[in-house]
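# Secondary and tertiary structure notes
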Amino acid sequence: MAVGGQELFQCTGPMCRYAEDLAPMLKVMAGPGIKRLKLDTKVHLKDLKFYWMEHDGGSFLMSKVEQDLILAQKKVVVHLETILGASVQHVKLKKMKYSFQLWIAMMSAKGHDGKEPVKFVDLLGDHGKHVNPLWELIKWCLGLSVYTIPSIGVFNALGLPVTQCPLGLNVKGLPLGIQVVAGPFHDHLTLAVAQYLEKTFGGWVCPGKF
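Computed from a predicted model, the values in this text were never measured in an experiment.

### As for the overall build of the protein
A count of helical and extended segments in the protein gives eight helices and four strands. Going from N to C terminus, the protein has its helices and strands arranged as α-α-β-α-β-α-α-α-α-β-β-α. Taken across its 210 residues, the protein has 33% of its residues classed as buried. Relative to all contacts within the protein whose residues are 6 or more apart in sequence, the contacts with residues 24 or more apart total 64%. Counting only carbon and sulfur atoms, one obtains 60% of the accessible surface of the protein, whose full area is about 14000 Å².

See the structure below:
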């Protein structure tokens, strides 16, 4: 059970097959705080400023971004720039390579009541089974660990809305997608982009049909 600072980051978000169902679900789950999200605001995607980056900058603590995902991301970038006519800029945020350390620090923060958070080792546990982070890191470096270390956790730690946008399957039948991030309480922007990308690139695809 999440306690301390973890309560802000280990909360449930809506998971839907289709992007249009995200906003209604979020309205129900957000409770009284829904007024801060402006979900009914009309979004003109062409007027948005898009920034993109392939990965976190090369931290050895993070799982490598597969080439299929990078190519899928670049297809989105080209479409936004040439078809939609939006402003798109490539960026390299060098300090992003410290995102795992930042996430660990935020997850270790005490709550307002002074309670200690759950230990990171316990968070890695598999249904009560203890996991040794050092041993799993060694296995991960050898490509033998069943665990992955994503870089997007930093956006949760920073309190930014993130929407996962499916982009079909690769040649092996594995799902492709990108994460769309916006400023605090600007969930309506990420949801609008998600719906647009779904209509443009096909959205969710049943992996069982592969």
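### Looking at the environment of H79
Looking at where H79 falls in the secondary structure, it is placed in helix α3 (residues 67-84). Residue classification places H79 among the buried positions, given a relative accessible area of 14%. Taking the C-alpha atoms as reference, H79 lies 9.1 Å from T200; in sequence the two are 121 residues apart. Those residues in contact with H79 that lie beyond four places of it in its chain are L84, Y196, T200 and F201.

### Brief notes about the pairing of strand β4 (residues 175-181)
The two faces of a sheet get side chains in turn, since along a regular strand they alternate between them. Looking at chain direction, strand β3 (residues 162-169) and β4 are connected through six bridges and run antiparallel. For V162, the partnering residue across the bridge sits in β4 and is V181. What sits between the antiparallel neighbours β3 and β4 is a turn of five residues, in which G173 has the positive phi angle 85°.

Here is what the cut-offs are and how they apply
- Residues numbered from 1 in each chain as written.
- Predicted model: local features only at pLDDT ≥ 70, side-chain atom pairs only at ≥ 80, totals over all residues.
- Heavy atoms only, no water.
- Helix = DSSP H or I, 4+ residues; strand = E, 2+ residues; numbered from the N terminus.
- Buried < 20%, exposed > 50% of the residue type's maximum accessible area, 1.4 Å probe, protein only.
- Contact = heavy atoms within 4.5 Å.
- Areas by Shrake-Rupley, 256 points an atom, 1.4 Å probe, with all protein chains shown as cover.
- Pairing = 2+ DSSP bridges.

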